[in-house]
Amino acid sequence: MADAQKITKNSDGTLSVPDCPIIPFIEGDGIGPDIWRATQRVIDAAVEKRYGGQRRIEWMELPVGEKGYAKTGNYLPPEALDAIEAHVVAIKGPLTTPIGKGIRSLNVAIRQKLDLYACVRPVRYIETVPSPMKHPEKINMVVFRENTEDLYAGIEWASGTDEAEALAEYLKTQMGSNIPPLAGIGIKPISPGNTKRLVASAIRYALENGFPSVTLMHKGNIMKFTEGAFAQWGYEVAKAQFGGQTITEADLYDTYDGEAPAGKVVIKDRIADMLFQQVLLRPDEYGVIATPNLNGDYISDALAAQVGGLGMAPGANIGDRCAVFEATHGTAPKYAGLDKVNPGSLILSGAMMLDYMGWKEAGTAVREAIQAAIKARRVTYDLARQIEGAEEVKCSQFGEAIVAQMK
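Residues numbered from 1 in each chain as written. Predicted model: local features only at pLDDT ≥ 70, side-chain atom pairs only at ≥ 80, totals over all residues. Heavy atoms only, no water.

Q: Describe the packing of helix H1 (residues 32–51) against helix H14 (residues 395–404), listing the residues and the values that go with them.
A: Relative to each other, H1 and H14 sit at 10°, their axes nearing to 9 Å. On the basis of their axis angle, the class for H1 and H14 is roughly parallel. Residue-level contacts link Asp34, Ile35, Ala38, Arg41, Val42 and Ala45 of H1 to Cys395, Gly399, Glu400, Ile402 and Val403 of H14. Taken together, the residues of the contact of H1 with H14 break down into seven nonpolar, one polar and three charged. (Axes fitted to C-alpha atoms, helices over the stretch in contact; angles between N-to-C directions. Helix = DSSP H or I, 4+ residues; strand = E, 2+ residues; numbered from the N terminus. Parallel < 35°, antiparallel > 145°, perpendicular 65-115°, else oblique. Contact = heavy atoms within 4.5 Å. Nonpolar A, V, L, I, M, F, W, Y, C, P; charged D, E, K, R; others polar.)

What follows is the structure, given as structure tokens:
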């Protein structure tokens, strides 16, 4: 086995992945250590099974969150961010937002400081997982949520502050806006540059992974110059960068009689509230969804509920320089150290990471094994209480059950 090396990015944006890459990990707070141990075991087993010792991962822990504060006095040490960027690919458990320490959210801070502009959330049903839907098997969508602006920019002023009152006065006198007394005020920036790179990444993903459409989700019927502009800019980047590989929904019916030519991705848009109905009533008509931040926050969690909840929902934050794969749920401190909770979200995020690295055989091994383990009904408490005839096992035991299913 060759010595461990960093993953690097080529000039064309592709990755150069050695046979023994060094991958930073953040264990996380609360239940983070429990689910990370199970996840690492599963990922290492998948790599070993698929590549027979020709490849392996050298893990490098980064002290972030409560570990970071205990070691350095900083919940998010700059050295950790530097290490993620230097190694290109990283994975993390859930992090606690420190109370009264000046950081709104460690998770958001990591995304913004590393310019991880695309929050990517695949949602696909795993057989046997309890679902409120009659046909959850029809759900196979990937949400691309813009990560750096919209309401997550965090530009706001509290009710009654001098700043809020000054801005309200300016909006009333200079802009003719009617601001209620003592209103808290937030600003929602959506820009062409950040929109276009997000939508371009969504289209590229659809083309590379065989999805038939990219839907631009927005509330442009009301917010025409932010949400509406998001849709407009999305169509513009599709035409400018992918003109030979995409068609609009209008073209689909006006030119192609409703049948998309082979290899073409259909670009369409939907008003946000309508799309919430559509993914319930006609989920098989949607593939990749590209959307501003707040819409994406809502729709990704709603879709996760349709296939069984956040416990089985993977996620990644991807930028041009690096990518961080993460559990999509919180730290659940009351279960910390109990070896109890479902590690599925982080394990499936690990499978996404393997795919991103080009180790798709190992990523597939993880997904197939977790499906087989759930069908065998040896699952953690959250699934066991909903699956008839299931045996409840610990977090670590569920990880071992997944490993045992790898062929």
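Q: Account for the nonpolar core, with residues named and values stated.
A: In terms of nonpolar packing, the biggest core is built from 81 residues, with Met353 and Ile374 touching the most fellow members. No other element matches H1, which puts nine residues into this core. Residues Val64, Ala83, Leu106 and Leu116 belong to the second largest nonpolar core, which totals 18 residues. (Core = buried A, V, L, I, M, F, W, Y, C linked by side-chain atoms within 4.5 Å. Buried < 20%, exposed > 50% of the residue type's maximum accessible area, 1.4 Å probe, protein only.)

Q: Can you tell me about the side chain of His329, naming the residues and giving the values?
A: Following the sequence through the fold, His329 ends up in the loop between strand S15 (323–327) and helix H11 (344–356). Setting aside anything within four residues of it in sequence, one finds His329 in contact with Ile31, Ile35, Pro94, Leu310, Asn342 and Ser345.

Q: How would you summarise the packing of aromatic side chains if you had to cite specific residues and measurements?
A: To describe a pair of aromatic rings, one takes the distance between the centres and the angle between the planes. One pass over the full model with this rule turns up nine aromatic pairs. Measuring from centroid to centroid gives 4.7 Å for Phe25 and Trp36, while their planes differ by 15°, and the two rings are stacked. One end of the pair, Phe25, is in strand S3 (residues 22–26); the other, Trp36, is in helix H1, with eleven residues separating them in the sequence. Take Trp36: its relative accessible area is 2%, and that puts it in the buried class. Both rings, one in Tyr69 and one in Tyr75, keep their centres 4.5 Å apart while their planes meet at 15°; by these two values the pair is stacked. Overall, Tyr69 belongs to the partly exposed group, its relative accessible area being 38%. Its relative accessible area of 15% is what places Tyr75 among the buried residues. Ring pairs connect the aromatic residues Phe25, Trp36 and Trp59, which therefore count as one cluster. In this arrangement the basic side chain of Lys340 is found over the ring face of Tyr381, its NZ or CZ atom lying 4.5 Å from the centre. (Phe/Tyr/Trp six-rings, centres within 6.5 Å; stacked < 30°, edge-to-face > 60°. Lys NZ or Arg CZ within 6 Å of the ring centre and 35° of its normal.)

Q: For the layout of surface pockets, give the residues involved together with the corresponding values.
A: By volume, the largest pocket is sized at about 1500 Å³. Around the largest pocket sit 48 residues that line it, and Tyr205, Asn209, Met352, Asp355 and Tyr356 are the ones nearest its centre. Breaking the lining of the largest pocket down by element, the ones donating at least two residues are strand S6 (118–124), strand S7 (140–146), helix H6 (192–209), strand S14 (314–318), H11 and helix H12 (360–375). Among the elements that make up the lining of the largest pocket, the one with the highest residue count is H6 (seven residues). Grouping the constituent residues of the lining of the largest pocket by class yields 27 nonpolar, ten polar and eleven charged. (1 Å grid on protein atoms, 1.4 Å probe; cavity = no way out; pocket = protein on both sides within 12 Å on 5 of 7 lines; lining within 4 Å. Points joined across faces, edges and corners; volume = space filled by probe spheres on them.)

Q: Residues and numbers for the side chain of Arg145, please.
A: Tracing the chain through its elements places Arg145 in strand S7. For Arg145, a relative accessible area of 4% corresponds to the buried category. A polar contact of 3.2 Å, which involves the side chain of Arg145, links it to the side chain of Tyr152. Those residues within four positions of Arg145 in sequence are excluded, and the remaining contacts are Arg111, Tyr117, Ala118, Cys119, Tyr152, Leu198, Thr291, Pro292, Asn293, Gly296 and Asp297. (Polar contact = N/O pair within 3.5 Å; in protein donor to acceptor, adjacent residues only side chain to side chain.)

Q: Lay out the pairing of strand S12 (residues 265–271) in plain terms, naming residues and giving numbers.
A: In terms of burial, S12 is a largely internal element, five of the seven residues being buried. Pairing of strand S10 (residues 213–218) with S12 involves six bridges; the strand directions are parallel. Residue pairing in the sheet places Thr215 in a bridge with Lys268 of S12. Pairing of strand S11 (residues 246–248) with S12, which is carried by three bridges, proceeds in the parallel orientation. For Ile247, the partnering residue across the bridge sits in S12 and is Val266. You can see the chain leave S11, run along helix H8 (residues 249–254) and come back into S12, and the turn it takes is right-handed. (Pairing = 2+ DSSP bridges. Right-handed = clockwise from strand over helix to strand, strands pointing away.)

Q: So what's going on with the sheet that holds strand S4 (residues 58–61)? Which residues, and what values?
A: What the eleven strands build is an open sheet, ordered S4-S3-S5-S15-S14-S6-S7-S13-S10-S12-S11; its pairing is mixed. Both edges of this open sheet fall to S4 and S11, since each of them pairs with a single strand only. When strand polarity is set aside, the average angle formed by the axes of neighbouring strands in this sheet is 25°. Docked against the sheet, H11 engages S3, S4, strand S5 (89–92), S6, S14 and S15, running at close to 160° with respect to S15.

Q: Give me the pairing of strand S13 (residues 288–291): which residues, what numbers.
A: Burial along S13 is two-sided: the face carrying Val288 and Ala290 and the face carrying Ile289 and Thr291 are both buried. For S7 and S13, the ladder comprises four bridges, and the chain directions are parallel. When the sheet's bridge partners are listed, Val142 is paired in S13 with Val288. As paired elements, S10 and S13 share three bridges and run parallel to each other. Bridge pairing in S13 places Val214 opposite Val288.

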